[in-house]
Protein chains: 2
Amino acid sequence: MTTQAQGLHTHVLDTLGLALTAGEYPPGSVLRTDELAQRFEVSRTVIREVVRVLESMHLVESRRRVGVTVRPTAQWNVYDPRVIRWRLAGSDRPRQLRSLTVLRSAVEPVAAGLAATHATPEQCRELTEEALGMVATSRGGQLEAYLVHDIAFHRVVLNASGNEMFARLGDVVAEVLAGRTHHQVMFEDPDPAAVTLHVQVAEAVRERDAARAEELTREIATGALRELDVLAP
Amino acid sequence: MTTQAQGLHTHVLDTLGLALTAGEYPPGSVLRTDELAQRFEVSRTVIREVVRVLESMHLVESRRRVGVTVRPTAQWNVYDPRVIRWRLAGSDRPRQLRSLTVLRSAVEPVAAGLAATHATPEQCRELTEEALGMVATSRGGQLEAYLVHDIAFHRVVLNASGNEMFARLGDVVAEVLAGRTHHQVMFEDPDPAAVTLHVQVAEAVRERDAARAEELTREIATGALRELDVLAP
DNA sequence: GTGACATAAAAGTCATACTTTTCGGTGCCG
DNA sequence: CGGCACCGAAAAGTATGACTTTTATGTCAC
C-alpha cells in the first residue's frame with residue numbers, strides 16, 4: 001500500500017510526511033537533521049533533501065542554529081496530492097474529507113459547465129464510456145473497479161473544462177475518491193442516484209447543455225456532501 | 001524584486017524555476033546535475049536539493065542514467081504559489097491570469113457565502129476595515145496600498161469561510177492580485193464599481209446574508225473576468 | 001537593566017568517493 | 001534477418017567528513 005523502497009528519499013519522505021501530518025510532532029517542535037539521519041539510518045544527504053521537500057510543502061521550516069521547526073497546520077500546502085493522501089490516512093480524515101468535498105462542490109459544477117462548451121468529441125466519448133463503466137460496476141461490491149471509472153470520469157470533466165487550474169484538481173479529486181473508498185467512508189454499493197446523475201452529466205456535455213451539466217454536477221456534489229454527513233460525523 | 005542571495009538554494013531554485021516555467025527548456029529535454037552545478041557554480045549538493053524540490057512540484061522528473069527531464073506543462077503543480085509567481089512573471093501571463101481568475105470566480109463566491117455564516121465578529125470587523133481601506137486608497141494611483149487591502153480582504157473572506165481548502169487559496173489569490181498589479185494588467189485606478197462591491201460584501205457578511213454575499217462576490221469575479229478580456233487579449 | 005561581545009550549535013556548502021540502476025549497444029543464437 | 005541475453009558505461013543516488021555561515025543565547029562590563 002505505502003510506497004516501498006523505490007529510493008531511500010521516497011521512503012523517508014513518506015514516513016516523515018505521514019508522521020508530521022498525523023500531528024506526531026506538534027507545530028513548533030523542532031527536529032534536528034543529524035537526529036533524523038540517525039533515526040532513519042540514512043545519511044544527512046538524504047535527510048536534507050527530504051527536509052527541503054517538506055519545506056517546499058510548508059510543513060516545516062528550516063533555520064540555522066535552531067533546526068527544522070514544524071509549521072502550524074494552517075500553513076500546510078494542502079493542495080499537494082501527497083499531503084492530501086497523508087492526511088486522508090491520518091486521524092482527522094472526516095474533517096479533511098469534508099473540506100475537500102466542499103471545494104469540489106464549488107469547482108466541479110463550474111468545470112462541468114465549461115466542459116459542455118469546450119469538450120472535444122473524443123472527450124465526450126470518453127465521458128460516456130466512463131459513465132457507462134460506472135453503471136456496469138455499480139453493483140455487487142466491485143468498489144475498486146467503480147472507483148477507477150469514477151476517477152476517470154471526473155478527470156475528464158476537469159480536463160475538458162479547458163481550464164488549467166481545474167484540470168490540475170484531477171489529482172486532488174482522485175485522492176478524495178480513492179480515500180473515501182479505501183477508508184470505508186462509503187456504502188457497500190454506490191448510490192444509484194449518483195450513478196444516474198453521472199450518466200446524465202455525460203449526456204448534457206455531449207449535447208452542449210452547459211447549464212444542465214452544471215446543475216447536475218451540483219447535485220452530485222451536494223449528494224456527496226450529504227453522504228458525508230451520514231457516514232463521517 | 002526577485003529573491004536575493006538568502007541562501008544559494010533559494011537563488012538557484014528561483015532562477016531554474018523561472019527558466020523552466022518560461023519554457024526555456026521544452027518538455028522532454030534533459031538536464032544533468034553536473035552540468036547545472038557548473039552553470040550555477042555551486043556544488044552538486046545544492047543542485048540535487050533544488051532538483052528534488054522542482055521534482056516535488058512536478059516540473060521535472062529525475063531518473064537514473066537518463067538525467068533530469070522536464071515534464072509537460074499539464075503536470076506542473078500549478079497550485080504552488082511559487083509556480084504561480086514564476087508563470088505570472090513569464091510570457092503566457094494572460095492565459096495564466098485568466099485560468100486563475102476563472103478559478104477564483106468558482107471558489108470565492110461560495111467562500112463568501114460560507115463566510116457569511118461562519119465569520120467571527122473579529123473577522124467581520126477586519127473585513128469592513130479592509131474594505132474601507134480599499135475605498136481610501138482607490139484614487140490617485142495608490143495602487144500598492146490598494147493592493148495590500150485587496151489581498152487582505154480576500155484573505156479574510158477565504159479564512160472566514162471556515163474551509164481549509166478555501167483558506168489556503170489565500171496565497172494563490174494574493175499572487176494573482178499582486179501579479180496583475182505589478183504587471184500592468186490593470187487600469188490606473190481600480191474600478192469604482194468593484195470597490196463598492198467589496199464594501200457591500202463586507203456588509204452582507206456582517207449581516208449574515210449568505211446569498212447576498214455570494215451573489216456580490218460573483219459580481220466582483222465576473223467584473224474581474226471582464227476586465228481581463230479588455231486588458232489581456 | 002542594557003548593550004556589546006564571545007561562544008557554540010545547528011544548518012548550509014563543498015569535495016570526493018563509492019553504489020545502484022538502467023540505457024544502449026554488441027554479439028550470439030534461432 | 002530478428003530477437004534475446006549479456007555487458008559496459010553513464011548518470012543519479014548515497015555516504016562521509018571537513019569546513020563555513022548564521023544566529024540564539026549566555027556573559028560580562030558599564
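Not measured: the values here are computed from a predicted model. (Residues numbered from 1 in each chain as written. Chains lettered and ligands numbered in written order. Predicted model: local features only at pLDDT ≥ 70, side-chain atom pairs only at ≥ 80, totals over all residues. Heavy atoms only, no water.)

## Side note on unusual backbone geometry
The backbone phi angle of Arg65 of chain A is positive, close to 65°, even though this residue is not glycine. Inspection of the secondary structure puts Arg65 of chain A in the loop between β2 (60-63) and β3 (67-70). Relative accessible area serves as the criterion here: at 84%, Arg65 of chain A is assigned to the exposed category. The backbone of Glu41 of chain B sits at a positive phi, close to 55°, despite the residue not being glycine. By secondary structure assignment, the location of Glu41 of chain B is in the loop between α2 (33-40) and α3 (44-56). Glu41 of chain B sits in the exposed class, given a relative accessible area of 74%. (Helix = DSSP H or I, 4+ residues; strand = E, 2+ residues; numbered from the N terminus. Buried < 20%, exposed > 50% of the residue type's maximum accessible area, 1.4 Å probe, protein only.)

## Remarks on the protein's contact with DNA strand D
In the vicinity of DNA strand D there are 22 residues, among which Leu8, Ser43 and Arg63 of chain A together with Thr33 and Arg48 of chain B approach most closely. When the atoms of DNA strand D within 4 Å of the protein are sorted by group, sugar and phosphate make up 67%. Between DNA strand D and Arg44 of chain A there is a distance of 3.2 Å, counted from a base nitrogen to a side-chain nitrogen or oxygen. One nitrogen or oxygen atom from the side chain of Arg44 of chain B is found 3.0 Å from a base oxygen belonging to DNA strand D. Elements represented by at least two residues in the surface near DNA strand D include exactly α1 (8-21) and α3 (44-56) of chain A together with α3 and β2 (60-63) of chain B. Among the residues forming the surface near DNA strand D, the class breakdown is four nonpolar, seven polar and eleven charged. (Near = heavy atom within 4 Å. Polar contact = N/O pair within 3.5 Å; in protein donor to acceptor, adjacent residues only side chain to side chain. Nonpolar A, V, L, I, M, F, W, Y, C, P; charged D, E, K, R; others polar.)

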